[in-house]
Structure formats: C-alpha cells, structure tokens
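Below, each chain spelled out in residue letters.
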Amino acid sequence: MDSETVSSIQYLEIKAASLLLYQGVFRTELGKSFIKLLQLIYESSGGGAGGRVGLNCLKAYGCWFKRLAAEQMTWQDYLLDRILKDENPFTYQVQRQPFEEITAPLVAAVKHDLEALQCFYDCSGDRLRQWVESASGIPIPPVLWNSSSIETAAIDQLPLGSRKRAIATLKSSKKWPDTLQELVAYYHTQGTGQFTEYQAFTWQSGKLKTIPHPDPVRLTQLVGYEFQRETLKKNTEFLLAGKPALNVLLYGSRGTGKSSLVKGLLNEYSPQGLRLIEIPKSQLQHLPEIVDELRDALQKFIIFVDDLSFEEDDDSFKALKVILEGTLTARPRNVVVYATSNRRHLVREFFEERPRPSQADEVHAWDTLQEKLSFSDRFGLTLTFEPANQDKYLAIVRHLAAEARLKLSPEDLEFQALQWATRHNGRSGRTARQFVDFLQSEQEI
C-alpha cells in the first residue's frame, strides 16, 4: 500500500475523531462498521498485505457491505440520511429559536463537522474496495455495493425546507459548510431524530419504542360511520394546523372500527407531521412524563389509548384525568388524547356503591359517585359507534369486497355474508373484514 493511500486513510480517521456534534453519524451499526474497516486497512499498512490482518480486512468489508445491502442505500446516501436525522445541540436549538440567536461557537462547530463529513462522502465505495484489495492481497477486488442513489431534481424547483432540497443541495455543493442555511431550513421545518424517522410508537419500560411497521389500514376502507370519520378528521386537522383540538372518546360496540379509525388517521396525515403513540392502560401513570417529552417536538401527536376502562382506586384514572383537565402547566397544543371504549361510563360502578343514608360511610358519597360517572365528559368530544344493522353490515361487506375485487355475484355475496355473521361474531365492521379476508384467500388459492 503506497504512502499516499496510507495518508488518506489516516486523514479520514483523524476527521472522524475530530467531529464535535455529528458523532452520531458513526454510532449506528453501519457507521461503526465503516470506522472498523478503516482501522483494519490502516493496520495492514504496517504489516504488509495478506496474512491475518488481510483476512480481517476482508471480513470487515463484508460486514460493511452487508449493512449497506440491508439498508438498500449507497454509502453516500447513508451519510446524507444521517446528517438530516442526527440529534445534537445544534439541530435541537435551531428547531426552537431563530438561527441568528445560535451562538457563534456552535455554528463554527457545525461548519467544521460538515467539512469533515464531506471527506467521507468523497470516499466512494470503489475507493474502499481498492484499498481492501491492496490490504488483503487478493488478486480480484471484492464486489462493489451499488444501489440506486437518492434521486434529486433542480434545487430551485424543490420547496425550501424539504428533504429532497436539502439532499440536492449537499450533493451539488463543493463546500458543505456553505449549505448551512439550507440545512437550517430543513431542521426547522422537518425536525430530527426518531419522530422524523418513524410515525408510530408505544411506551415500554419507561421510554418510547418505535413501531417500524404500523397497521396499514386506510380511512377509505372504513365505511358505515362517515359522520364519526369526518368529525375525527376535522379535529385532527385542527391539531395539525396548530389550532386548539379536543381530546376524543370513541365509544361504542365492539368491532365497529373505532381503533381502525384512529390508526387510519396516521396513514392519512403522517406526511403532514402526525405521529401516533399507543399507550397501554397499564402505563397510563406515565402520561404526564410522556406529554412533557413531546411538548417541544415539531410534530403533532395523538396519544392513543385502546379499550379504556378503570377499576376502583385505579392510579391510571388519576393520571389520565390530569392530562384531560390540565394542571398549572399549560397543555401542549401538539398533543391530544384519542381513547376507545366499549363503555360509556369509563369507571366501573356497582349498585352497592350507591349511597343510602342508613349505610353510607362517606358524607358526600354522591359527589364521589358523580365524579366517576362524569369522567367521560372530560373528553371534549365523544363519538358514538352504534351496532351495525343488517343494511349497514352488508354495505360494509360490498365496499370491502369491491376493494378486494372478489369474483362473486351480489346475491351470493350477501347470502354468504349473512351466514358468516350468524355463525361467527354477529354483524359488525370487524366481522365484515374477516369475512372478506377469508373469501379473498379462498379465491386466490
């Protein structure tokens, strides 16, 4: 390996070590595998090609290649993607205050890191392949990973702050520090971190956990409850517009599509910044903590609680009540609660709890009882989903069958749908969905 190549590799290692803010680019598995590969190539320069070090270089290249293949992107596209998603003090501050208020040392650090990262961008996969060939002493260079690159268009035709414009600007620039204003526009518009990368989350073990593959249900698949759907869409659009939006209780019979309607909102509005966080009832005591974490994010959030009901002295009852009613801390405008329930009164009540003067231990027991019964009133909007009658059930079946392109006469479809409802779970949207799914699989086989 010639001295110029050794100097180039050493220069890249120094640049990686000198990053001040964007260290996260090399903290992913793909980033770590790249740094490991560089280190092994450099080590091979001291001991000659071939041997154990050469074999280790080949293994490291294979690991790096495999991770690129898993991500389905080139090394250059990976760098661009991580720069846009990286969470650091600069990207955090520039989302929340004007660029002019960012301190000079922080701006200087960003420019320093952009200059360093451009060196890695210029280190193509073909150059790495040649270095590995030289370090390992193999007669044939290893296979080059070459995936379709992120497409770009004319920069002026792309909206300011969009991902495509930021990528096109970096790709066309000879000096990345000069692209800082474009990056600022992107961070200020789109944000960074997991809320940019993922749309759906759940709360587990005291932290938000991403849901990489959320339910793909679409609002167009949900028929029979058009008023409820349009009302919920309008309230969600208020949220996205930054206007006051109401917490919503979706109450009604099982299988009427309450949960699917909330999930469908995510697929409809996620491009506009909507995110969905599903909270199990057992984790509701963490709600104030979750809301505080979301308060400063650019995106808008629906906290989704499915199948909500409470037992006596349930701590989660108090936590949800705090979020719905508010405290001295202002409720963030980017968060609402959408809850589904089969019960109109969310807190269970027993006849023995109804006070009688002769046996009531609590002087104001009626007040306590009314507090329980009025809990659902604390939701600003309650949408009722009545059970599906035969006409509504068949309308849902016809709609889903048309979407699935089932080859069945209308008469035969309705006859089989009614039989299915009788033998299974009764007339509901869920039953209709299960019936059509079964027919579709049957026909395809």
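Residues numbered from 1 in each chain as written. Predicted model: local features only at pLDDT ≥ 70, side-chain atom pairs only at ≥ 80, totals over all residues. Heavy atoms only, no water.

The name given to the protein chain in an unreviewed UniProt entry is ATP-binding protein, with the source organism recorded as Phormidium pseudopriestleyi FRX01.

Under the 1.5 Å per step criterion, the end-to-end length of helix 11 (residues 226–240) is 21 Å for 15 residues, consistent within 8% with the ideal 21 Å. Of all the residues in helix 11, the buried ones are Gln228, Arg229, Thr231, Leu232, Lys233, Asn235, Thr236, Leu239 and Leu240. Elements in contact with the buried residues of helix 11: strand 3 (248–252), helix 12 (258–269), strand 4 (274–278), strand 5 (300–305), strand 6 (335–341) and strand 7 (381–385). Where helix 11 ends, the next residue or the one after it, Gly242, has phi of about 80 degrees, a positive value. (Helix = DSSP H or I, 4+ residues; strand = E, 2+ residues; numbered from the N terminus. Expected span 1.5 Å × (residues − 1). Buried < 20%, exposed > 50% of the residue type's maximum accessible area, 1.4 Å probe, protein only. Contact = heavy atoms within 4.5 Å.)

For helix 8 (residues 163–172), the complete set of buried residues consists of Arg165, Ala166, Ile167, Ala168, Thr169 and Leu170. Against helix 4 (75–85) and helix 9 (180–190) lie the buried residues of helix 8.

Okay, unusual backbone geometry next. Excluding glycine, most residues fall at negative phi; most peptide bonds, likewise, are trans. The phi dihedral of Ser205 is positive, around 50 degrees, even though this residue is not glycine. Mapped onto the elements of the fold, Ser205 is located in the loop between strand 1 (200–204) and strand 2 (207–210). Here the phi dihedral of Asp307 falls at roughly 55 degrees; this positive angle occurs in a residue that is not glycine. Considering the arrangement of structural elements, one finds Asp307 in the loop between strand 5 and helix 14 (315–325).

It is worth spelling out the side chain of Asn334 at this point. Relative to the assigned elements, Asn334 resides in the loop between helix 14 and strand 6. By relative accessible area, which is 6% here, Asn334 ends up buried. A polar atom in the side chain of Asn334 sits 3.3 Å from the backbone oxygen of Ala297. Contacts of Asn334, omitting those with residues within four sequence positions, involve Leu239, Leu294, Arg295, Ala297, Gln299, Lys300 and Phe301. (Polar contact = N/O pair within 3.5 Å; in protein donor to acceptor, adjacent residues only side chain to side chain.)

Turning our eyes to something else, we now look at the nonpolar core. In this structure, Trp75 and Phe90 are the most contacted members of the largest nonpolar core, which totals 54 residues. With ten residues, helix 6 (residues 104–121) is the largest single contributor of residues to this core. Ignoring any residue separated from it by four or fewer positions in sequence, one finds Phe90 in contact with Leu21, Tyr22, Phe99, Ile102, Leu106, Val110, Leu180, Val184 and Tyr187. In terms of nonpolar packing, the next biggest core, distinct from the first, is built from 43 residues, Leu239, Val336, Val397 and Ala404 among them. (Core = buried A, V, L, I, M, F, W, Y, C linked by side-chain atoms within 4.5 Å.)

Our focus in this paragraph is the state of the cysteines. Scanning the entire structure with this criterion turns up zero disulfides. As a non-bridged cysteine, Cys123 has Cys119 as the owner of its nearest cysteine sulfur, 9.8 Å distant. (Disulfide = S-S within 2.5 Å.)

Here we take up the sheet that holds strand 2. Spatial strand order, 2-1-4-5-6-3-7: seven strands in an open sheet with mixed pairing. Taken across any chain shown, the strands that pair with only one partner, and hence form the sheet edges, are strand 2 and strand 7. The mean inter-strand angle of the sheet, taken between neighbouring strand axes irrespective of direction, is 25 degrees. As judged from the five bridges shared by strand 5 and strand 6, these two strands associate in the parallel manner. Note on strand 6: the bridge partner recorded for Phe301 is Val335. (Pairing = 2+ DSSP bridges. Axes fitted to C-alpha atoms, helices over the stretch in contact; angles between N-to-C directions.)

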